[in-house]
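Residues per chain, in single letters:
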Amino acid sequence: MAFQMNEKSVIEKDVVVVGSGGSGLTAAIVAASQGLDVLLVEKTGLFGGTTALSGGGIWVPCNSLARDAGLADDPE
Ligand SMILES: Cc1cc2nc3c(=O)[nH]c(=O)nc-3n(C[C@H](O)[C@H](O)[C@H](O)COP(=O)(O)OP(=O)(O)OC[C@H]3O[C@@H](n4cnc5c(N)ncnc54)[C@H](O)[C@@H]3O)c2cc1C
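Residues numbered from 1 in each chain as written. Predicted model: local features only at pLDDT ≥ 70, side-chain atom pairs only at ≥ 80, totals over all residues. Heavy atoms only, no water.

1. A look at the site of the ligand
Part 1: Around the ligand, the structure places 18 residues, and the nearest of them are Ser23, Glu42, Thr50, Thr51 and Ser54.
Part 2: Between the ligand and Gly21 there is a distance of 3.5 Å, counted from an oxygen atom to a backbone nitrogen or oxygen.
Part 3: Separating a nitrogen atom of the ligand from a backbone N or O atom of Lys43 is a distance of 3.1 Å.
Part 4: Here the residues of the shell around the ligand are counted per class, giving three nonpolar, 13 polar and two charged. (Near = heavy atom within 4 Å. Polar contact = N/O pair within 3.5 Å; in protein donor to acceptor, adjacent residues only side chain to side chain. Nonpolar A, V, L, I, M, F, W, Y, C, P; charged D, E, K, R; others polar.)

Structure follows, in structure tokens:
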């Protein structure tokens, strides 16, 4: 829901997240899951940022889950 600020607007939140890409949404979800009151602001008319255009995968090299699944990786 769009919200129009004016000079009398005061919003109090525990956490303010700027940007609705993967990093911002992750931060917002984690904060909310910890019981914090979260406001997420997005400057465009669409959610998702660059993340919405991406392949949708998360590449975390050398992570323990991949290693446990038998997938070999190295820093190089
Ligand atoms: C075509 C393409 C394919 C890709 N494929 C992959 C892939 O397969 N795997 C991979 O790991 N990575 C991929 N990437 C890279 C990956 O998508 C990005 O690194 C990642 O999405 C960045 O996430 P982010 O949350 O940091 O930024 P973004 O997703 O860009 O989110 C930032 C958000 O902040 C908003 N914002 C900025 N300034 C303000 C402001 N002042 N106030 C309010 N809101 C603001 C923006 O509008 C945007 O919505 C790809 C990128 C592209 C373009």
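2. Digging into unusual backbone geometry
Part 1: Of note, the phi angle at Cys62 is positive, near 60 degrees, even though the residue is not glycine.
Part 2: For Cys62, the position within the fold is in the loop between strand S2 (38–41) and helix H2 (64–68). (Helix = DSSP H or I, 4+ residues; strand = E, 2+ residues; numbered from the N terminus.)

3. Notes on the pairing of S2
Part 1: Bridge count for strand S1 (residues 15–18) against S2 is four bridges, and the pairing is parallel. Across the sheet, residue Val18 finds its bridge partner in S2, namely Val41.
Part 2: Each parallel crossover has a hand, and the one from S1 via helix H1 (residues 22–33) to S2 is right-handed. (Pairing = 2+ DSSP bridges. Right-handed = clockwise from strand over helix to strand, strands pointing away.)

4. A word on the environment of Leu36
Part 1: With respect to the secondary-structure elements, Leu36 resides in the loop between H1 and S2.
Part 2: When its relative accessible area of 38% is taken as the criterion, Leu36 is described as partly exposed.
Part 3: Sequence separation of Leu36 and Ser23 is 13 residues, and the distance between their C-alpha atoms is 17 Å.
Part 4: Apart from residues no more than four positions distant in its own chain, Leu36 is found in contact with Asp14, Val15 and Ala31. (Buried < 20%, exposed > 50% of the residue type's maximum accessible area, 1.4 Å probe, protein only. Contact = heavy atoms within 4.5 Å.)

5. A short note on the side chain of Ser20
Part 1: Relative to the helices and strands, Ser20 is located in the loop between S1 and H1.
Part 2: Overall, the relative accessible area of 1% leaves Ser20 in the buried class.
Part 3: A polar contact is formed between the side chain of Ser20 and the side chain of Glu42, at a distance of 2.8 Å.
Part 4: In contact with Ser20, other than residues within four places in its own chain, are Leu25, Leu40, Val41, Glu42, Leu46, Phe47, Gly48 and Gly49.

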